[in-house]
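Okay, here's what each chain looks like letter by letter:
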Amino acid sequence: MGDERRPMVQSMLAMLPAAVRRLPADLGAVVAFLVLCTAVVFVPGVNGTPVRVVVGLPLLLFVPGYSVVAAFFPEGTEVADPASGGPDADSGRVESRGIDTAERVVLSLGLSVALVPLVGIGLLFSPFGLGVPSVVVGLAAVSTVATVAAVRRRRALPPAQRFRVRYRAWYAEFRRDYLRPDTTGDRVLNTVLVCMAVLAVASVGYAVAVPDAGEAYTELYLTPGSGADEFDTDEYPTTFGPGETKQLLVGVGNHEREPMRYTVVVTLQQVRVVDETVRVETERELDRLETPRMADNETWRQEYQFTPRDAGGRTRLVVLLYGGEAPSDPTVESAKRSTQLWLDASA
């Protein structure tokens, strides 16, 4: 079966550019993976799917570190004895150089975890800012530079000393050291350790790639005047003369992680306090304000002028917020958010 597939594989490789065909297999896979990551982030319809998480985990946890390790350690651990013939020469004397496979993998994981925050800090002080596209481009740029350096350093070595991905040798070593232990207890222990390592890496990678967006919520607030960023609560218009009109700023912030429309209902209540319990004597609706369609993390503000006519005694302005349309009989209990302002108004 392998002989039947070999001509097809060779014909597919012949279709690739010469520069790509000359790349080592592992570094060519790194370049292809970086292209895939960039496409997943920037192609509409794909960047919002779980594919981004699947592709993003290796980019965060392995690929940048592997490129850097490949640049620093271009030589392999198994160098064939020239007398044995052939660059692969699995038989004959071998000498140890560079780092072995396990060390290469561990260093790749560690360097990747160290590079991600460094790239993030660099982006914070750059004009691009910190975001998913900029992080992907930054990590891809670091990986590309390291890959180019790794290719140049490998080609500077004799062919017999260059690092090559020896899949068969690695699989044989894995079977010898892990799948065929001397006792059943060792086999169970090795399996548990491998599962724990995979689970730990996957958990950390998922936490980094998909941070908790936090609780979805909506803001509703009132500020005095035209809504300066800094204000004193003493500036709230709480004292009114007969027929006097004052101004407030009504603000709504959408943090529901989806576009929303809101309705703000402004009511005026005459209340009586009995045994520390507020009882509503009369209530009159003053106005309804409708917000435009608001994107996530968007804030809407509108100045609102009101005159508390026919008000006296204990009076409060109650502002109710509803998602979408408000009901015909709005109440504090049915509202999504509510806030109030106690007034001292003369009838």
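This structure is a prediction, so every number in the text was calculated from the model and none was measured.

S.K.: Explain the nonpolar core to me, please; I cannot follow it from the model alone.
M.R.: One broad rule of soluble globular proteins: the nonpolar side chains tend to lie buried together. Of all hydrophobic cores here, the largest spans 26 residues; its most connected members are Leu 27, Phe 33, Leu 34, Cys 37, Leu 59 and Leu 139. Those elements that provide at least two residues to this core are helix H3 (25-42), helix H4 (51-61), helix H5 (63-72), helix H6 (101-124) and helix H7 (132-155). The biggest single contributor to this core is H3, with seven residues. Apart from the residues within four sequence positions on either side, Leu 139 is in contact with Leu 59, Leu 60, Pro 64, Val 116 and Val 119. In this structure, Leu 248, Met 260, Tyr 262 and Leu 321 belong to the second largest nonpolar core, which totals 21 residues.

S.K.: Where do I start with the environment of Ser 112 in this structure?
M.R.: The residue Ser 112 is located in helix H6 in this model. In sequence terms Ser 112 and Leu 60 are 52 residues apart; their C-alpha atoms lie 6.3 Å from each other. Not counting residues up to four positions away in its chain, the partners in contact with Ser 112 are Leu 60, Leu 61, Phe 62, Val 63, Pro 64, Gly 65 and Tyr 66. There is a polar contact of 2.8 Å between the side chain of Ser 112 and the backbone nitrogen of Gly 65.

S.K.: Honestly, the side chain of Asn 254 in this entry has me stumped. Any pointers?
M.R.: As for its position among the elements, Asn 254 is in strand S5 (residues 246-255). Accessibility expressed as a relative area gives 0% for Asn 254, which makes it buried. Side chain to side chain, Asn 254 and Tyr 262 meet in a polar contact 3.1 Å long. Beyond its immediate stretch of four places on either side in the chain, Asn 254 contacts Tyr 217, Pro 259, Met 260, Tyr 262, Met 294, Ala 295, Asp 296, Asn 297 and Glu 298.

S.K.: What should I look at first to understand the pairing of S5 in this one?
M.R.: One face of the sheet, then the other: side chains in a regular strand alternate in exactly this way. Buried residues dominate S5, accounting for eight of its ten residues. Examined bridge by bridge, strand S3 (residues 217-224) and S5 share eight bridges and lie antiparallel to one another. The residue of S5 that forms the bridge with Tyr 217 is His 255. Sheet analysis places S5 next to strand S8 (residues 299-306), joined by eight bridges and oriented antiparallel. Across the sheet, Gly 253 pairs through a bridge with Thr 299, a residue of S8.

S.K.: How should I be thinking about the side chain of Thr 263 in this particular structure?
M.R.: You can see Thr 263 is positioned in strand S6 (residues 262-274). The class of Thr 263 is buried, set by a relative accessible area of 4%. Within the structure, Thr 263 has its side chain in polar contact with the backbone oxygen of Gly 324 (distance 2.5 Å). For Thr 263, the contacting residues outside a window of four places in its chain are Leu 289, Glu 290, Leu 320, Leu 321, Tyr 322, Gly 324, Glu 325 and Ala 326.

S.K.: Where do I start with the pattern of salt bridges in this structure?
M.R.: Pairing of side chains with opposite charge becomes possible as their charged atoms draw close. Per the stated rule, a full pass over the model turns up four salt bridges. With its nearest N and O atoms 2.7 Å apart, the salt bridge here joins Arg 154 to Asp 26. Of this pair, Arg 154 sits in helix H7 while Asp 26 sits in helix H3, and the two are 128 residues apart along the sequence. Side by side, Arg 154 and Asp 26 carry an identical accessibility label, which is buried. Between Arg 288 and Glu 285 there is a salt bridge whose closest N-O contact spans 2.7 Å. Look at Arg 288 and you get partly exposed, because its relative accessible area is 32%.

Analysis parameters
- Along each chain, residue indices are assigned from 1 in the same order as the chain's sequence is written.
- The model is predicted, so local features are restricted to residues of pLDDT at least 70 and side-chain atom pairs to those at 80 or more, both for listing and for counting; the totals for chains, interfaces and linings are taken over all residues.
- Excluding hydrogens and water, the side-chain values take into account all heavy atoms of the structure.
- By nonpolar core we mean a set of buried residues, namely Ala, Val, Leu, Ile, Met, Phe, Trp, Tyr and Cys, connected to one another through side-chain atoms within 4.5 Å.
- Buried residues are those whose accessible area, probed at 1.4 Å on protein chains only, stays under 20% of the maximum for their type, while exposed residues exceed 50% and partly exposed ones sit between those limits.
- Secondary structure follows DSSP: runs of H or I at least 4 residues long count as helices, runs of E at least 2 residues long count as strands, and numbering of each begins at the N terminus.
- Should any heavy atoms of two residues lie within 4.5 Å, those residues are considered in contact.
- Polar contact is defined as a pair of N or O atoms within 3.5 Å, subject to the rule that within protein one atom must be able to donate a hydrogen and the other to accept it, and that residues adjacent in sequence are counted only when both atoms are side-chain atoms.
- Each pair of strands is called paired provided DSSP finds at least two bridges between the two strands.
- Salt bridges, as used here, are contacts in which a Lys or Arg side-chain nitrogen is within 4 Å of a carboxyl oxygen on Asp or Glu.

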